[in-house]
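Listed below are the residues making up each chain.
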Amino acid sequence: MEINQEAENILKKFSEQLDQIPDLEETQYLVDNLNRMREDVSKNSDYEKILRNAHVDKNGSVISEKGKWTK
């Protein structure tokens, strides 16, 4: 019963706060750049630079930690 009373008090206070919000007219923006896409351009990657800090075994394979979310 106490929870119901607290919930009613919260809703009453919330409703009172909503009544204090002024009524405003809607604002509409006309934007002409909808669905604008950029050109898909590949960049040259320097794999040596990428692998510089990676742990690599004797076969050249990257050693990484197994994801903790996997079983």
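Provided above is the structure to which this section pertains.
The text that follows walks through the structure, step by step, so that each part is easy to find. (Residues numbered from 1 in each chain as written. Predicted model: local features only at pLDDT ≥ 70, side-chain atom pairs only at ≥ 80, totals over all residues. Heavy atoms only, no water.)

**Focus on the overall build of the protein chain**
- A tally of helices and strands in the protein chain yields 2 helices and 2 strands.
- Each helix and strand of the protein chain, ordered N terminal to C terminal, gives the series α-α-β-β.
- Relative to a compact globule of 71 residues, whose C-alpha radius of gyration would be 11 Å, the protein chain shows 29 Å and is clearly more extended.
- Dimensions along the principal axes, computed over C-alpha positions, put the protein chain at roughly 70 × 50 × 20 Å. (Helix = DSSP H or I, 4+ residues; strand = E, 2+ residues; numbered from the N terminus. Rg over C-alpha atoms; globule rule 2.2 N^0.38 Å.)

**Topic: a nonpolar patch on the surface**
- Among the surface-exposed residues, Tyr47, Ile50, Leu51, Val56 and Val62 lie close enough to one another that they form a single nonpolar patch of about 490 Å² accessible area.
- Per-element accounting of the nonpolar patch gives the leading share, 3 residues, to helix 2 (residues 47-51).
- Topologically, Val62 is positioned in strand 2 (residues 62-63).
- Here Val62 falls in the partly exposed class, since its relative accessible area comes to 47%. (Patch = residues over 30% accessible without salt bridge, like charges linked within 9 Å, V, L, I, M, F, W, Y side chains within 5 Å. Areas by Shrake-Rupley, 256 points an atom, 1.4 Å probe, with all protein chains shown as cover. Salt bridge = Lys/Arg side-chain N within 4 Å of Asp/Glu carboxyl O. Buried < 20%, exposed > 50% of the residue type's maximum accessible area, 1.4 Å probe, protein only.)

**Observations regarding the environment of Val62**
- Counting along the chain gives 11 residues from Val62 to Leu51, while the straight-line C-alpha distance between them is 8.2 Å.
- Residue contacts for Val62: discarding those within four places in its chain leaves Leu51, Ala54, His55 and Val56. (Contact = heavy atoms within 4.5 Å.)

**What to know about helix 1 (residues 2-19)**
- Between the first and last C-alpha of helix 1 there are 26 Å, a value that for 18 residues agrees with the 26 Å anticipated at 1.5 Å per step.
- With 0 of its 18 residues buried, helix 1 lies for the most part at the surface. (Expected span 1.5 Å × (residues − 1).)

**Thoughts on the environment of Gln17**
- Relative to the helices and strands, Gln17 resides in helix 1.
- A sequence separation of 26 residues divides Gln17 from Lys43, and the C-alpha atoms of the two residues are 53 Å apart.

Honestly, it's all geometry; don't read function into it.
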